[in-house]
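# Per-entry structural report
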Amino acid sequence: MNEFHHFLRTRRSVRRFKPDPVPASIVDRILATTIFAPSAHNLQPWRFALIQSGSAKEKLGNALTSKMRADSEAKGENQAEIENRVNNSLRRIAEAPVIILLCRDVSAIRTEEPEETTMSIQSVATAGLQLLLAAHAEGLGGNWICWPLYAQEAVQDVLKLSTEWQAQAMIFLGFEDEKPKEALRQSVKGLITYR
Ligand SMILES: Cc1cc2nc3c(=O)[nH]c(=O)nc-3n(C[C@H](O)[C@H](O)[C@H](O)COP(=O)(O)O)c2cc1C
């Protein structure tokens, strides 16, 4: 296996970070590389909100977990389990050295056809992977978190984002404080059909 394949195969989701701050120059370089991702019609619909201050983290955490709590209660889930999940989520947000909210600019689209919307979302996802790989290249760990998808309006509201910036995910970055377990993969042979 050549070095680049090895590099791609050794990216892991990291969920525990050292408290050490990540130098701004590294975050800048990661984002500068992220935007080399491919995008449909080269429309580059990705936008990034860097959540840096304690107060922004707190607002984001409260918005996400309020929605999480309300959705879980509506499904009739166990109250103690809900509180456990909420507290765990708040702790993870508070402890993440860098949080990048990965957004899609809904106005950066050619037409409103559903296929174009899908392509726009796919384009933002390519940037998300590029961001994780750029972080890996810097020796940082990262984790893609889907929670903002469930609270898009609340997130826009508390962070005072343009209504055109639709949160797709948030990415936690930092120096890893765990060795993630191997994330098992299915055999590639079972995933391919030949014609
Ligand atoms: C669209 C998407 C959503 C994800 N959401 C979460 C999440 O909310 N919380 C989390 O801890 N990990 C999340 N992950 C990370 C996956 O759990 C992880 O990529 C998967 O288990 C494989 O592990 P690996 O990244 O170490 O290879 C998400 C990944 C993707 C691509």
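The structure this text deals with has already been given above.
Residue numbering note: each chain is counted from 1, following its sequence as written. pLDDT decides what is reported in this predicted model: residues at 70 or higher carry local features, side-chain atom pairs at 80 or more are listed and counted, and totals for whole chains, interfaces and linings draw on all residues regardless.

## Some details on the overall build of the protein chain
Stated formally: Per the convention used, a helix needs a DSSP run of H or I reaching at least four residues, while a strand needs a run of E reaching at least two, with both numbered from the N terminus. When we talk radius of gyration, it's over C-alpha atoms, and the globule rule is simply 2.2 Å times the number of residues to the 0.38. Any two residues are considered in contact once their C-beta atoms, placed from the backbone, lie within 7 Å.
Summing up its helical and strand segments, the protein chain has six helices and four strands in all. Element order for the protein chain, N to C, with α for helix and β for strand: α-α-β-α-α-β-α-β-α-β. By the compact-globule yardstick of 16 Å for 195 residues, the protein chain fits well, its C-alpha radius of gyration being 18 Å. Across its three principal axes, the protein chain shows a C-alpha extent of roughly 50 × 45 × 40 Å. Sequence-distant contacts in the protein chain: of pairs separated by 6 or more residues, those separated by 24 or more amount to 81%.

## A word on the site of the ligand
Heads up, the rule is: Proximity of a residue to a molecule or strand is defined by its backbone-placed C-beta atom lying within 6 Å of that partner. Under this grouping Gly is polar, as are all residues other than the nonpolar Ala, Val, Leu, Ile, Met, Phe, Trp, Tyr, Cys and Pro and the charged Asp, Glu, Lys and Arg.
Near the ligand you find Arg 12, Ser 13, Arg 15, Asn 143, Trp 144, Ile 145, Cys 146, Trp 147, Pro 180 and Ala 183, and these make up its full shell. The residue makeup of the shell around the ligand, split by class, is six nonpolar, two polar and two charged.

## Comments concerning the nonpolar core
Inclusion rule: For the purposes of this analysis, a nonpolar core is taken to be any set of buried Ala, Val, Leu, Ile, Met, Phe, Trp, Tyr and Cys residues that are connected through C-beta atoms within 7 Å. Counting other C-beta atoms within 10 Å of a residue's C-beta gives its exposure: the residue is buried at 20 or more, exposed at 12 or fewer, and partly exposed in between, where C-beta atoms are placed from the backbone.
Ranked by size, the top nonpolar core spans 36 residues in total, and within it Ile 99, Ile 100, Leu 101, Leu 102, Leu 131, Met 170 and Ile 171 carry the most contacts. Of all the secondary-structure elements, those providing two or more residues to this core are α2 (24–34), β1 (46–51), α3 (54–74), β2 (98–105), α5 (114–137) and β4 (165–174). For this core, the element with the most residues is β4, which contributes seven residues. Setting aside residues no more than four positions away along its own chain, Leu 102 makes contact with Trp 46, Phe 48, Val 124, Ala 127, Gly 128, Gln 168, Ala 169, Met 170 and Ile 171.

## A look at the sheet that holds β1
Using the following cut-off: Strands are treated as partners if at least two bridges between them are detected by DSSP. Axes, fitted as lines to C-alpha atoms, cover a helix only where it is in contact. Angles between the N-to-C directions of the axes lie from 0 to 180 degrees.
One open sheet accounts for four strands, arranged β1-β2-β4-β3; its pairing is antiparallel. In the strand order of this sheet, the two ends are held by β1 and β3 (141–145), each with one partner. Across the sheet, the mean angle separating the axes of adjacent strands is 25 degrees when strand polarity is ignored.

## A few points about α3
Since the α-helix turns once every 3.6 residues, residues separated by three or four places project in the same direction. Convention followed: In this analysis, the expected span of each helix is defined as 1.5 Å times one less than the number of residues it contains.
With 21 residues, α3 should reach 30 Å at 1.5 Å per residue; the first-to-last C-alpha distance of 30 Å fits that figure. When we look at burial in α3, the residues that qualify are Leu 60, Gly 61, Ala 63, Leu 64 and Thr 65. Where α3 ends, the next residue or the one after it, Gly 76, has phi of about 75 degrees, a positive value.

## Let's talk about the pairing of β2
Burial within β2 is extensive, with seven of its eight residues counted as buried. Of the strand pairs in this sheet, β1 and β2 are connected by six bridges, and their pairing is antiparallel. Across the sheet, Trp 46 pairs through a bridge with Arg 104, a residue of β2. Sheet topology places β2 next to β4; eight bridges connect them, and they run antiparallel. Bridging from a neighbouring strand, Cys 103 pairs with Ala 167 of β4.

## Some thoughts on the environment of Ile 171
Tracing the chain through its elements places Ile 171 in strand β4. As a C-alpha pair, Ile 171 and Gln 186 span 15 residues in sequence and 25 Å in three-dimensional space. Aside from chain neighbours lying at most four places away, what touches Ile 171 is Ile 100, Leu 102, Gly 128, Leu 131, Leu 132, Gly 142, Asn 143, Trp 144 and Ile 145.

## Comments concerning unusual backbone geometry
For residues besides glycine, phi is generally negative; the peptide bonds are generally trans as well. Residue Asn 42 is not a glycine yet carries a positive backbone phi of 50 degrees. By the C-beta count within 10 Å, which is 7 here, Asn 42 ends up exposed. Phi is positive for Lys 160, close to 55 degrees, though the residue is something other than glycine. You can call Lys 160 exposed: it has 9 C-beta atoms within 10 Å.

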